[in-house]
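# Chain and residue survey
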Amino acid sequence: MTTTQILIVEDEEALATLLEYNLAKENFEVSVASDGEEALLRIQESAPDLIILDWMLPSVSGIEICRRLRSKPETQNLPIIMLTARSEEADRIRGLDTGADDYLTKPFSTNELIARVRAVLRRIRPGLVEDKVIVGDIEVDRVSHRVIRGDKEIHLGPTEFRLLDHFIQHPGRVFSREQLLNAVWGTDVFVEVRTVDVHIGRLRKALNKYKQGDPIRTVRSAGYALETG
Ligand code: CA
């Protein structure tokens, strides 16, 4: 199973380091951004699977980052856990309906945070934590590598399976060719961007072998997404 990537956006260095250490110990792949601008840039470059977002940040506030992410189709479903300093502040944020998936009031224990991270992932992104995932009419067993659509078994090559596996972890989200390259082929190999189109073509053909409809959406000048419905 691929690693879950978590981005911590926190300007208090000591806290960021503590969270980074404890999440890494739980086998999450963790990166840290110390201000809002940096966070937005990082998210654009390689979308994380979950963001731990401090409310009080230099340059762009946590609440503004949250709003911006929710307004873009490629990040509108990105799981966000917001950190706040005091309980009154937490109440205020809840009232503002920022779109965060969960809130934690400082100080909190790292065990509490890890529990919340897992709960949010299970709720919003079952594709990251479950062995068997169903998206629309497609069922993927990530242990046996079996793919079923409707009642028909679909046979995929290894690259097409990895592409599908990546899509089911982020249903509905649009990925650019570069993002798919990095996620499926890795950053240390040289593969032409066009190669992604070739394998997307094969995946499409395989998934639609029994004329059940093409579940992959092409978004002009943006990339590809797996339809959820
Ligand atoms: Ca702060």
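Here is what the cut-offs are and how they apply
- Residues numbered from 1 in each chain as written.
- Predicted model: local features only at pLDDT ≥ 70, side-chain atom pairs only at ≥ 80, totals over all residues.
- Heavy atoms only, no water.
- Phe/Tyr/Trp six-rings, centres within 6.5 Å; stacked < 30°, edge-to-face > 60°.
- Lys NZ or Arg CZ within 6 Å of the ring centre and 35° of its normal.
- Pairing = 2+ DSSP bridges.
- Helix = DSSP H or I, 4+ residues; strand = E, 2+ residues; numbered from the N terminus.
- Axes fitted to C-alpha atoms, helices over the stretch in contact; angles between N-to-C directions.
- Buried < 20%, exposed > 50% of the residue type's maximum accessible area, 1.4 Å probe, protein only.
- Arc of directions from axis to C-beta.
- Contact = heavy atoms within 4.5 Å.
- Donors = N, O, S within 2.8 Å, 3.2 Å for Na, K, Ca; no water.
- Domains from an automatic or database assignment.
- Buried area = accessible area lost by both parts, 1.4 Å probe.
- Salt bridge = Lys/Arg side-chain N within 4 Å of Asp/Glu carboxyl O.
- Polar contact = N/O pair within 3.5 Å; in protein donor to acceptor, adjacent residues only side chain to side chain.
- Nonpolar A, V, L, I, M, F, W, Y, C, P; charged D, E, K, R; others polar.
- Core = buried A, V, L, I, M, F, W, Y, C linked by side-chain atoms within 4.5 Å.

## Here we look at the packing of aromatic side chains
Per the stated rule, a full pass over the model turns up one aromatic pair. The ring of tyrosine 210 is capped by lysine 152, whose NZ or CZ atom sits 5.2 Å from the centre of that ring.

## As for the sheet that holds strand β3 (residues 50–54)
Taking strand neighbours across the sheet as the criterion, the five strands line up as β2-β1-β3-β4-β5 in an open arrangement whose pairing is parallel. The two strands at the open ends of the sheet, each matched to only one other strand, are β2 (29–33) and β5 (102–105). Looking at each pair of strands side by side, their axes are set apart by 20° on average, direction ignored. Relative to β5, strand β4 (residues 80–84) runs parallel, the two sharing four bridges. Within β5, the position partnered with methionine 82 by the bridge is tyrosine 103.

## Description of helix α2 (residues 36–45)
Of the residues making up α2, those classed as buried are Gly36, Ala39, Leu40 and Ile43. Buried residues in α2, looked at end-on, bunch into an arc of 95°, giving them a common side. Where the residues of α2 are buried, they touch β1 (5–9), β2, β3 and α3 (62–71).

## A short note on the environment of valine 30
Tracing the sequence through the fold places valine 30 in strand β2. Taking the C-alpha atoms as reference, valine 30 lies 15 Å from leucine 121; in sequence the two are 91 residues apart. For valine 30, the contacting residues outside a window of four places in its chain are Ile6, Ile8, Glu20, Leu23 and Ala24.

## With respect to the coordination of the calcium ion
Protein coordination at the calcium ion: the donors are Asp11 (OD), Asp54 (OD) and Met56 (O), at 2.1 to 2.4 Å from the metal. Each donor residue of the calcium ion lies on one chain, and together they are spaced D-x42-D-x1-M. Taken as a pair, aspartate 11 in the loop between β1 and α1 (13–25) and aspartate 54 in strand β3 lie far apart in primary sequence, 43 residues in all. By relative accessible area, aspartate 54 is classed as buried at 3%.

## A few points about the domain arrangement of the chain
When cut into domains, the chain gives domain 1 (5–128) and domain 2 (132–226). Computed from C-alpha atoms alone, the centre-to-centre distance between domain 1 and domain 2 is 27 Å. Counting residues at the interface gives twelve residues for domain 1, matched by nine residues for domain 2. At the boundary of domain 1 with domain 2, total buried surface from both sides reaches about 770 Å², with 40% on carbon and sulfur atoms. Across the contact surface, domain 1 and domain 2 share zero salt bridges. For the pair domain 1 and domain 2, the interface holds one residue pair in polar contact (both at pLDDT 80 or more). For the side of domain 1 that touches domain 2, the secondary-structure elements that each account for two or more residues are α2 and α6 (126–129). Per element, the largest residue contribution to the side of domain 1 that touches domain 2 is three residues, and it comes from α6. The residue makeup of the side of domain 1 that touches domain 2, split by class, is five nonpolar, three polar and four charged.

## A look at the sheet that holds strand β8 (residues 146–149)
Strand pairing in a sheet takes place through backbone hydrogen bonds and is either antiparallel or parallel in direction. Ordered in space as β6-β7-β8-β9, the four strands form an open sheet in which the pairing is antiparallel. The sheet terminates laterally at β6 (132–135) and β9 (152–154), the two strands that pair on one side only. Adjacent strand axes in the sheet meet at a mean angle of 25° when their direction is disregarded. As paired elements, strand β7 (residues 138–141) and β8 share four bridges and run antiparallel to each other. Bridge pairing in β8 links isoleucine 138 to arginine 149.

## Details of the nonpolar core
In this structure, Leu164 and Phe167 are the most contacted members of the largest nonpolar core, which totals 25 residues. Of all the elements in the fold, those that place two or more residues in this core are β6, β7, α7 (158–169), α8 (177–185), α9 (193–207) and β11 (223–226). Not counting residues up to four positions away in its chain, the partners in contact with phenylalanine 167 are Phe175, Leu180, Ile200, Leu203, Tyr224, Ala225 and Leu226.

## Re the pairing of β2
Pairing geometry for β1 and β2, over five bridges, is parallel. Residue pairing for β2: glutamine 5 is matched across the bridge by glutamate 29.

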